[in-house]
Amino acid sequence: MKIDVISIFPEYLAPLELSLLGKAQDKGLLEINVHDLRVHTSDNHHSVDDTPYGGGAGMVMKAQIWGDALDDLITDGCDLIILTPGGRRFNQRMAEELSTKSHLLFACGRYEGIDDRVRQHYSTTAYSDRGIRVHEISIGDYVLGGGEVASMVIIEAVTRLIPGVLGNPESIVEESHMSEGFVEYPSFTKPATWRDLEVPEILLSGNHAAIAKWRSEAAHKRAQDNL
Ligand code: 6GU
């Protein structure tokens, strides 16, 4: 999978080189490139934003600069992901869907967002005929300073589903069974007693059917408690 991320703070995306993602890139399973939006500015101040038409607070990122940046990186069949708190709420199903793609292009907005004509332009048939899809995605009901951290959340959720990226593929199989409603059972490891707290006895029984039943019930109780 090839991933491009465009941001005015490319240093913010440095953690993408670390850990699992760094290893996946070393293994050739993944190629992540971060691009500085400001290279597409032409004025002395390298400004990327301007005041909103219709008035109001904040600044809007300019369509022309984003268009130049995206034209350089967009490919046939790629998925363009615009990060915005107004987008569709990201979930595990979307992560699974995106993990099957060959090229993801992330546009990280700052300020009050990107001029909407950028979304409109890349959503036209000229692009959909080339297999290019545009998604506006949010990672939750709160407002971040920009799309950078949101793009890292999505990249981490998506890339760990790519075969070979994760050490133990069984944990993914187990997760996808749970991915509706998202429930996870509580886990324990040695020692069996810690600060007077015991591991549930059933987990020491070796009775796999009983353990599976206990885990399912514990997971559902936890999901219920989180509502
Ligand atoms: Cl994708 N961007 C921003 N700025 N805030 C968010 C978000 C995205 N998702 C949740 N909050």
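In this text the structure is predicted, and so the values were computed from the model without any measurement.

Quick one: what's the story with the pairing of strand β5 (residues 79–89), residue by residue and with numbers?
Here β5 runs beside strand β6 (residues 103–108); their pairing, made up of five bridges, is parallel. Bridging from a neighbouring strand, Ile81 pairs with Phe106 of β6. Handedness of the β-α-β unit built from β5, helix α3 (residues 92–98) and β6 comes out right-handed.

Before we move on, can you summarise the site of the ligand with the specific residues and values?
Surrounding the ligand, one finds Leu83, Thr84, Pro85, Ile137, Ser138, Ile139, Gly140, Tyr142, Val143, Leu144, Gly146 and Ala150. Ser138 places a side-chain nitrogen or oxygen 3.4 Å from a nitrogen atom of the ligand. In isolation the ligand exposes 290 Å². Once the protein is present, 96% of that is buried. Residue assignment for the shell around the ligand shows that the elements contributing at least two residues are β5 and β7 (133–138). Top contributing element to the shell around the ligand by residue count: β5, with three residues.

Which residues make up the pattern of salt bridges, and what values go with them?
Opposite charge on two side chains permits them to pair, given that their charged atoms come into close proximity. Counted by the stated rule, this structure contains twelve salt bridges. With a closest N to O distance of 3.8 Å, Glu97 and Lys101 form a salt bridge. Given a relative accessible area of 16%, Lys101 falls into the buried group. For Asp225, the salt bridge identified is with Lys221, shortest N-O distance 2.9 Å. Separated by four residues within a single helix, Asp225 and Lys221 lie in helix α8 (residues 208–225), roughly one turn from each other. Take Lys221: its relative accessible area is 53%, and that puts it in the exposed class.

Can you break down the sheet that holds β5 residue by residue, with the values?
Strands belonging to one sheet form pairs held by backbone hydrogen bonds; the direction of such a pair is parallel or antiparallel. Read across the open sheet, the five strands follow the order β2-β1-β6-β5-β7; overall the sheet is parallel. Taken across any chain shown, the strands that pair with only one partner, and hence form the sheet edges, are β2 (31–36) and β7. Taking the axes of each pair of neighbouring strands and ignoring which way they run, one obtains an average angle of 25° across the sheet. Along the sheet, helix α6 (residues 148–159) makes contact with β1 (2–7), β2, β5, β6 and β7, crossing β6 at roughly 160°.

Summarise the packing of aromatic side chains; cite the residues concerned and give the values.
Summed over the entire model, instances satisfying the criterion amount to two aromatic pairs. Ring plane angle 35° and centroid distance 6.4 Å describe the contact between Phe9 and Tyr12, whose orientation is recorded as tilted. When the centroid spacing of 4.8 Å and the interplanar angle of 55° are considered together, the rings of Tyr122 and Tyr127 count as tilted. The exposure class assigned to Tyr127 is buried, which follows from its relative accessible area of 10%.

How would you explain the nonpolar core if you had to name every residue and give the values?
Core analysis: the biggest nonpolar cluster contains 31 residues, and Ile3, Phe90, Phe106 and Ile154 have the highest contact counts within it. Those elements giving two or more residues to this core turn out to be β1, α1 (19–26), β5, α3, β6 and α6. Per element, the largest residue contribution to this core is six residues, and it comes from α6. If we skip the residues at most four places from it in the chain, Phe90 touches Ala95, Leu98, Ile137, Ser138, Ile139, Ile154, Ala157 and Val158. Counting 21 residues, the second-largest nonpolar core is a separate cluster that includes Ile6, Leu70, Leu73 and Tyr127.

Definitions and cut-offs
Residues numbered from 1 in each chain as written. Predicted model: local features only at pLDDT ≥ 70, side-chain atom pairs only at ≥ 80, totals over all residues. Heavy atoms only, no water. Pairing = 2+ DSSP bridges. Helix = DSSP H or I, 4+ residues; strand = E, 2+ residues; numbered from the N terminus. Right-handed = clockwise from strand over helix to strand, strands pointing away. Near = heavy atom within 4 Å. Polar contact = N/O pair within 3.5 Å; in protein donor to acceptor, adjacent residues only side chain to side chain. Areas by Shrake-Rupley, 256 points an atom, 1.4 Å probe, with all protein chains shown as cover. Salt bridge = Lys/Arg side-chain N within 4 Å of Asp/Glu carboxyl O. Buried < 20%, exposed > 50% of the residue type's maximum accessible area, 1.4 Å probe, protein only. Axes fitted to C-alpha atoms, helices over the stretch in contact; angles between N-to-C directions. Contact = heavy atoms within 4.5 Å. Phe/Tyr/Trp six-rings, centres within 6.5 Å; stacked < 30°, edge-to-face > 60°. Core = buried A, V, L, I, M, F, W, Y, C linked by side-chain atoms within 4.5 Å.

None of this, on its own, says anything about what the molecule does.
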